[in-house]
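Spelled out from the first residue to the last, the chains are:
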Amino acid sequence: MGSYPQTRMRRLRRHGWTRRLVAENTLSPSDLIWPVFVIEGEKAREPIASMPGVERLSIDLMTAAAKEAASLGIPAIALFPRIDPARKSDDGREAVNPDNLVCRAVRALKKEVPEIGVLCDVALDPFTSHGHDGVLADGDVHNDRTIAMLVKQALVQAEAGCDIIAPSDMMDGRVGAIRAALEQAGHHNVLIMAYAAKYASAFYGPFREALGSAKVQSSQGLEAGDKRSYQMDCANGDEALREVALDLAEGADMVMVKPGMPYLDIVRRVKERFGVPTFAYQVSGEYAMLAAAMEKGWLERERALMEALLAFKRAGASGILTYFAVEAARLLRRDSLRPALSRLQGDPGNDR
């Protein structure tokens, strides 16, 4: 490396075109997965107070929104259901109903928007009356009884046409059990994206409100919000690598780190250690913080949004699950046209 003035680092930063030319990381719509909350009804939409700009959508409106997402180049959509409380139970049996809200939404998407991939969350918390991700027994979430339900849930989703099964429950051994069941049922090409390093985080609050699982409590004394007996301790990093290794050995095609931005170090370590497709989830709490600051004018919306997403790519993420996906894709499409428009209009393309 030279020294000043032979080396001036600012030379490569001088113009917009040079910055684009030497950018180490880029963001495109193909890096994004859009999580969507689905509800019963027709032409129904419900705003989520803690997630400004995010709504629960009925299946007809969700498929219409998915068409726009596909047209913007977003490759996949992730479905999360808001289940009628009357259909919830202690064992979450509605999760294995082949005609439940998720399965109907999947079938509608595959019919109306076949070009977009569909990711389905595999966990029982949207379907349980207590809000936990599994079946309760003796005051705890029972690992193996939960796996039996998760396998059935994954199978009905695959039968409905789901492309990516995403177990988010953090039960030990569930990826292997699901992979074996999918193979036996002939679903050889269904992908598994394991929530391999999912932390017991405070950043999930708005998501639980969106699902309607935030305030329910277990009849056996466990609080719905306390999932520390199965989700990871936020103090641990080496443990995440063990979790990822186990899920890959059991048949996961892709892995996920959740939450996202507070755990970018984990994203980097996973990608460097294993070299597999590694995704990160910009979770509801991250979205809510950014959206609130943007609404108050404390952050410049477009720049903050894109900077936050690009940080995931810089850390090594193959892609990002984000509620900003459609907005980001629109901005990326707009900005991709700007250099050409600038040339046509005689603009030298300097920084805006």
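Quick note: structure is the one above.
Residues numbered from 1 in each chain as written. Predicted model: local features only at pLDDT ≥ 70, side-chain atom pairs only at ≥ 80, totals over all residues. Heavy atoms only, no water.

Another point: the packing of aromatic side chains. One pass over the structure, following the stated rule, counts 9 aromatic pairs. Centre to centre, the rings of Phe37 and Tyr323 are 5.9 Å apart; their planes meet at 10°, and the pair counts as stacked. Here Phe37 is found in strand β1 (residues 32-39), whereas its partner Tyr323 is found in the loop between β12 (319-322) and α11 (325-344), with 286 residues between them in sequence. For Tyr323, a relative accessible area of 7% corresponds to the buried category. Seen from their ring centres, Tyr287 and Phe324 are 4.5 Å apart, and the 45° between their planes marks the pair as tilted. (Phe/Tyr/Trp six-rings, centres within 6.5 Å; stacked < 30°, edge-to-face > 60°. Helix = DSSP H or I, 4+ residues; strand = E, 2+ residues; numbered from the N terminus. Buried < 20%, exposed > 50% of the residue type's maximum accessible area, 1.4 Å probe, protein only.)

In this section: the pattern of salt bridges. For the structure shown, the criterion picks out 22 salt bridges. Where Arg45 meets Glu55, a salt bridge forms, and the shortest distance between an N and an O atom there is 2.5 Å. Linking Arg45 in strand β2 (residues 45-47) with Glu55 in strand β3 (residues 55-58), this pair joins segments that are 10 residues apart in sequence. When its relative accessible area of 47% is taken as the criterion, Arg45 is described as partly exposed. (Salt bridge = Lys/Arg side-chain N within 4 Å of Asp/Glu carboxyl O.)

All right, on to the packing of helix α7 (residues 238-249) against helix α8 (residues 264-274) then. Two elements in contact, α7 and α8, have axes whose closest approach is 10 Å; the angle formed by their N-to-C orientations is 45°. In terms of their interaxial angle, α7 and α8 are classed as oblique. Here α7 and α8 pass one another in a crossing that is right-handed. Across from Asp238, Ala240, Leu241, Val244, Ala245 and Leu248 in α7, the residues of α8 making contact are Ile266, Arg269, Val270, Arg273 and Phe274. (Axes fitted to C-alpha atoms, helices over the stretch in contact; angles between N-to-C directions. Parallel < 35°, antiparallel > 145°, perpendicular 65-115°, else oblique. Left-handed = near helix turned anticlockwise from the far one by under 90°. Contact = heavy atoms within 4.5 Å.)

The next subject is unusual backbone geometry. Look at the link from Tyr4 to Pro5: it is a cis peptide, with omega at 10°. With respect to the helices and strands, Pro5 occurs in the segment before α1 (16-22). Cis geometry is adopted by the peptide bond preceding Pro259, which originates at Lys258 and carries an omega value of -5°. Mapped onto the elements, Pro259 comes out in the loop between β10 (254-258) and α8. Unusually for a residue other than glycine, Lys43 sits at a positive phi of about 50°. If you trace the backbone, Lys43 turns up in the loop between β1 and β2. Its identity is not glycine, yet Asp138 carries a phi of approximately 55°, on the positive side.

As a further point, take the packing of helix α4 (residues 143-160) against helix α5 (residues 174-184). At a closest axis distance of 9 Å, the pairing of α4 and α5 adopts a crossing angle of 40°. Between α4 and α5, the angle falls in the class oblique. As for the relative orientation of α4 and α5, their crossing is right-handed in sense. On α5, the residues touching Ile147, Leu150, Val151, Ala154, Leu155 and Ala158 of α4 are Arg174, Ala177, Ile178, Ala181 and Leu182.

Let us look at the pairing of strand β9 (residues 191-198). Among the 8 residues of β9, 7 are classified as buried, and the element is accordingly described as predominantly covered. In terms of strand pairing, strand β8 (residues 164-167) meets β9 through 2 bridges, oriented parallel. Bridge pairing links Ile165 to Ile192 in β9. Where β9 and β10 come together, 5 bridges link them in parallel fashion. Each bridged residue has a counterpart across the sheet, and for Ala197 the counterpart in β10 is Val257. (Pairing = 2+ DSSP bridges.)

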